[in-house]
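# Structural overview for review
For reference, the chains in residue letters:
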Amino acid sequence: MDKWMKFLEVNAPRIFDLAIEHTILVGLAILVALMIGVPLGIYLTTNDYLAETVLQIASVMLTIPSIALFGIMIPVFSIVNQGIGFVPAFVALVLYSQLPIIRNTYTAIKNVSPEMRDAAKGLGMKTSQRLLRVEIPNAFPIIMAGIRTAVVLNIGIGVIAAYIGAGGLGVLITQGISRGDNYLIISGSIAVAILAMIADGILLFIQKRYTPKSIAN
Amino acid sequence: MNKKKIMSRIVSILVYALVAVFFIWAISNSYFDYIFSESGTFLHLLKQHLQLVLVSSLLAVVVALPVGILVTRRSFRRAEWIVSNTVNLGQTIPSLAVLALMISILGIGFKTAVFALFIYSLLPMYRNTVAGIDSIDENLIDAARGMGMKPIQILFRIELPNASYSILAGIRTAVVLNIGTAALAYVVGGGGLGVWIFTGIQLFDNGYLISGAIPVTLLAIFVDYLLRLLERKIVPKGSKPPQET
Amino acid sequence: MITFDQTTKTYEGGVTAVNGVDFTVDKGNIVVLLGPSGCGKTTLLRMVNRLETISDGSITIDGEDSMSLDQIALRRKIGYVIQSNGLFPNMTIEENVMIVPDLLGWKKKEKRERFNKLMEMIGLSGEKFGKRYPHELSGGQQQRIGVIRALAADPPVMLMDEPFGALDPIIREKIQDEFLQIQREVKKTILFVSHDIDEAIKMADKIVLLRGGEVMQYDTPSEMLVRPKNEFVREFFGKDRAIKSLSLHTIKDLQEVIGLVNVDETIEDTITIHIRHDLRNTLSMLLNQEADQVIVVDDDDHRLGAITIDLVQKYLHFEIKAKPTLVQKG
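Throughout, residues of each chain are indexed from 1 in the direction in which the sequence is written. Note on labels: chains are lettered from A, ligands numbered from 1, in written order. Per-residue local features are limited, in this predicted model, to residues with pLDDT of at least 70; the limit for side-chain atom pairs, both in listing and counting, is 80 or more; totals at the level of whole chains, interfaces and linings are taken over all residues.

We now examine the overall build of chain B. Numbering of helices and strands runs from the N terminus; a helix is a DSSP stretch of H or I covering at least four residues, while a strand is a stretch of E covering at least two. Helix and strand content of chain B: 10 helices and zero strands. Walking chain B from its N terminus toward its C terminus, one meets helices and strands in the order α-α-α-α-α-α-α-α-α-α. Seen along its three principal axes, the alpha-carbon backbone of chain B occupies a region of about 70 × 60 × 30 Å. Residues with at least 20 other C-beta atoms within 10 Å of their own are called buried, those with 12 or fewer are called exposed, and the rest are partly exposed. The C-beta atoms themselves are positioned from the backbone. In chain B, which comprises 245 residues, the share counted as buried stands at 47%. Residue pairs are scored as contacts if the distance between their C-beta atoms, which are placed from the backbone, is within 7 Å. Of the contacts made within chain B by residues no fewer than 6 positions apart, 73% connect residues no fewer than 24 positions apart.

Here the focus is the overall build of chain A. For chain A, the helix and strand inventory stands at eight helices and zero strands. Counting from the amino terminus, chain A carries its helices and strands in the arrangement α-α-α-α-α-α-α-α. In terms of principal-axis extent, the alpha carbons of chain A reach across some 70 × 45 × 25 Å. Looking at chain A residue by residue over its 217 residues, the buried ones come to 42%. Considering only intrachain contacts with a sequence separation of at least 6, the fraction spanning at least 24 residues in chain A is 75%.

All right, on to the interface of chain A and chain B then. If you look at the interface, chain A gives 34 residues, while chain B gives 37 residues. Counting residues per element, the ones that place at least two in the side of chain A that touches chain B are α2 (48–63), α3 (66–78), α6 (127–160), α7 (170–179) and α8 (182–210) of chain A.

Next up on the list: the packing of helix α5 (residues 95–106) of chain B against helix α6 (residues 110–134) of chain B. All names here are of chain B. Interaxial distance between α5 and α6 falls to 9 Å at its minimum, and their mutual angle equals 135°. If you check the angle between α5 and α6, you find them oblique. The two elements α5 and α6 cross, and the hand of that crossing is right-handed. On α6, the residues touching S95, V98, L99, M102, I103 and L106 of α5 are K111, T112, A113, F115, A116, I119 and Y120. Residues are grouped as follows: Ala, Val, Leu, Ile, Met, Phe, Trp, Tyr, Cys and Pro are nonpolar; Asp, Glu, Lys and Arg are charged; every other residue, Gly included, is polar. Residues that form the contact of α5 with α6 fall into these classes: 10 nonpolar, two polar and one charged. Axis definition: a line fitted to C-alpha atoms, limited for helices to the stretch in contact. Angles are taken between N-to-C directions and run from 0 to 180 degrees. Should an angle fall under 35 degrees it is called roughly parallel, over 145 degrees roughly antiparallel, and 65 to 115 degrees roughly perpendicular, with every other angle called oblique. Working rule for handedness: look at the near helix, and if it is turned counterclockwise from the far one by less than a right angle, call the crossing left-handed; if clockwise, right-handed.

Chain C puts 19 residues into the contact, and the matching count from chain B is 18 residues. Sorting the residues of the side of chain C that touches chain B by element identifies α2 (71–76), β6 (78–82) and α4 (99–103) of chain C as the ones contributing at least two each. Looking at the side of chain C that touches chain B residue by residue, the classes come out as 12 nonpolar, five polar and two charged.

An automatic or database domain assignment provides the domain bounds reported here. Domain parsing of chain B yields domain 1 (1–30) and domain 2 (40–234). Here domain 1 of chain B and domain 2 of chain B have C-alpha centroids that lie 32 Å from each other.

Residue and element names in this part refer to chain C. In space, the four strands of this open sheet follow the order β2-β1-β4-β5, with antiparallel pairing throughout. Every interior strand has two partners, whereas the edge strands, β2 (16–25) and β5 (64–65), have only one. Across five bridges, strand β1 (residues 2–10) lies against strand β4 (residues 56–61) in antiparallel orientation. Of the residues in β4, the one forming a bridge with I2 is I61. At least two bridges found by DSSP between two strands is the condition for calling them paired.

Looking now at the arrangement of the chains. Between all two pairs of chains that are in contact, chains A and B come out with the most contacts. Where chain A comes nearest to chain C, the C-alpha atoms are still 22 Å apart, and the two do not contact one another.

A few words now on unusual backbone geometry. All names here are of chain B. Despite not being glycine, S30 shows a phi value in the positive range, around 50°. By the secondary structure assignment, S30 is in the loop between α1 (3–28) and α2 (33–37). In this model, F204 sits at a positive phi of 55°, which is unusual for a non-glycine residue. According to the C-beta neighbour criterion, F204 is partly exposed, with 13 such atoms within 10 Å.

It is worth spelling out helix α14 (residues 279–289) of chain C at this point. Residues and elements named next belong to chain C. Here α14 has its buried residues at L279, T282, L283 and L286. The buried residues of α14 occupy an angular sector of 100° when projected down its axis, which confines them to one face. Those residues of α14 that are exposed and angled more than 90 degrees off the buried face are N288 and Q289. Summarising the geometry, the arc corresponds to the directions from the helix axis toward the C-beta atoms.

Right, let's talk about helix α7 (residues 138–146) of chain B for a bit. Every buried residue of α7(B) is listed here: B:L140, B:A143, B:A144, B:R145 and B:G146. Looking at the buried positions of α7(B), the neighbouring elements they touch are α8 (151–182) of chain B together with α2 and β6 of chain C. A positive backbone phi angle near 90° is found at B:G148, which sits one or two residues after α7(B).

Moving on, we come to the packing of α3(A) against helix α10 (residues 206–234) of chain B. Across the interface, α3(A) lies against α10(B) with an axial gap of 8 Å and an inter-helix angle of 140°. One element, α3(A), and the other, α10(B), form an angle in the oblique class. Remark: the crossing between α3(A) and α10(B) carries left-handed chirality. In contact with A:A68, A:G71, A:I72, A:I74 and A:P75 of α3(A), α10(B) contributes B:N206, B:L209, B:I210, B:G212, B:A213, B:I214, B:V216 and B:T217.

The next subject is the environment of A:L25. Residues and elements named next belong to chain A. Along the chain, L25 falls in helix α1 (residues 2–44). Classification of L25 by C-beta neighbours within 10 Å gives buried; the count is 23. Linking L25 and I155, residues 130 residues apart in sequence, is a C-alpha distance of 9.0 Å. Excluding its chain neighbours within four sequence positions, the residues that come into contact with L25 are A89, F90, L93, G158, A161, A166 and G168.

Residues and elements named next belong to chain C. As paired strands, β1 and β2 are joined by six bridges and run antiparallel to one another. Along β2, the bridge assignment pairs T7 with V21. Between β1 and β2, which pair antiparallel in sequence order, lie five residues; one of them, G14, sits at a positive phi of approximately 95°.

Further remarks concern the sheet that holds strand β9 (residues 206–211) of chain C. Residues and elements named next belong to chain C. On the basis of which strands lie adjacent, the open sheet formed by six strands has the order β6-β7-β8-β3-β9-β10 and mixed pairing. The strands lining the two open edges of the sheet, one partner per strand, are β6 and β10 (214–219). On average, each strand axis in the sheet is tilted by 15° relative to the strand beside it, whichever way the strands run. Relative to strand β7 (residues 157–161), β6 runs parallel, the two being bridged by five bridges. Looking at β7, one finds that Y80 is bridged to L159.

What follows is about the environment of A:F140. All names here are of chain A. Structurally, F140 is set in helix α6. Take F140: there are 18 C-beta atoms within 10 Å of it, and that puts it in the partly exposed class. With 126 residues separating them in the primary sequence, F140 and R14 have C-alpha atoms 37 Å apart. For F140, the contacting residues outside a window of four places in its chain are Y210 and T211.

Moving on to the confidence of the model for chain B. Residues and elements named next belong to chain B. A residue's pLDDT is simply how confident the predictor is in it, with values from 0 to 100. Looking at chain B as a whole, its pLDDT mean stands at 88, while 97% of the residues score no less than 70. Across chain B, the secondary-structure element scoring lowest on mean pLDDT is helix α4 (residues 77–92), at 75, and the one scoring highest is helix α3 (residues 39–71), at 94. What the predictor reports for the complex is a pTM of 0.80 with an ipTM of 0.83.

Right under this line is the structure:
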């Protein structure tokens, strides 16, 4: 325990900085993923053929192992001199987030009952009004669940990104491995686990808070 | 063909084209050459990789399924909460950390990697086994009991067949995940194709990167496809698969 | 034959679900357990095949105390049908129906023959449906499969827990008729849970009316309608008991007592009805169709005469006169 106190005394600020770095990487990737995935998911509800194709591509994407994807991205991005660091990690995380976000948006909007949609039409709502006032609010909890999956997934994959120089909490673990320092490995792992739980907790709170009461179950 | 179909066709052609362009680019830069010039090493690493995945996955199946079945028995229902939460907590620990922590316990080498991969595969298999069995309609079990089926008959004739979709999906998820995680086995000296990926990263050698990463990727996609085929064969036709998640 | 002797079920928390129940189901009879929800009817049923334990008293099946028998062997000798049909989705229709014979180790050929025979009973082709899966069948078909599955190994006793409760009224009616037809043939000893008064009157040789785990009255349907033992029974069957009692009588009964009228040939487009149809249905047919007459036919579609609302009313009066207790609150 003493040793831990000493370790934390020295390393706490650094762990904190790395956690911030990790959060920024994952946070930005999720934001961009949302800007692509949610509109795409909504659009796909109007074209089932395209939906099948896109979901298939996204699901194959998710089976690509993270370290292999990084390995492929380094040569590709070194064409534009960004082979190592933030950019390939960021792009990989955006790609990985697509499946859960697109799929959940798509299924959630699809599952809004036809009666409800008809009722909205009958009330004279325009397509955009229907989307914003009826379909998205009713689909919200499922879309949020997709976002949560993506966030937790990305926090984990972000650890591997340390190997390609993207920083974040993975740095503690990779350093711990190369130095044979268990304190670094354990503190890094626990920090990642806590970060994942906090992020999931916050998103769950938002999900519950903004889910219309009548459909919360 | 209507407009919607054409659009979907265009998108898939674009994706194929992108993949083709990548391969042409990689081949023209001779990034795949190591696979042929060092084919001995490549085959050795591939074999190691497969061994890592196979041994750890088999062990995980042998442990996770019986535990999942056990905690869904009436008399063990209370244990389910504890087991499930422990396993869930375990999953938030990054795979890299699981590997790294094993070094301090088991040292460096193949066994360490296998053990870490085994631990990491338990969750998806266990969770899907429990979820699959739990999702079976209580009435079915009631009907089975009422007709005089023994608990063991209920398990093998009703519960497992109807949970098989979920259980097999759990195994597939775990195995595919495992193929990727096995690429990290390099860091604990476990070998596998990760060796070339990491060498590539350290040496900035695109050839090693691509020669390591592409086979791992193809392996994952191929095994995923194979296991899906297997699922389609094994799962009884009448036990409708639930929606993919 | 099933005998309940002071049968009691008390749960751990001290709640008594079934309290000192005494009655006997005669061989080949259908006894309906009827009552409001929470009256203990399902619990009582499930005690017979020991899905629920017996806290006190006993249940005897064909002279043997059920507690003295092996639980598994006991259940295999008792057919069991539940509301949500309980068909196993992973098995084909044939596998589902033949599950108990399979457990009992019947030979392949025996099973196939039995299956085809059972399917014939419910008017479905064994050939056509055998290899299908439950989800490919309609709700009504599934429920019929559930019934013949319980009959598969020819058990002397059957337990049916609201077997037709989930079906829509028209199909329910049809399947009830079909089941009664089958029962005339197989003559099982049946305990049948229902919360539907009409169903109980129609299906039962005798009804056990339960409240709070206790038997309020055990009688034939007509006795229960005509001579309710207490206020609860009277209220349970409601004010239209007289109308309800009509479903206990067929056109044939009416014909024997007061006879039919001649068919009025001037009315076109009249519908026909079989002579064994019950009077309550006949009445609602007359009222709903706004027809002045319905032509009564026998098995060979031979016209026997016609029935009118007047006629039914006359018969009801005759009944009321014959059974004075009905007048009081009719």
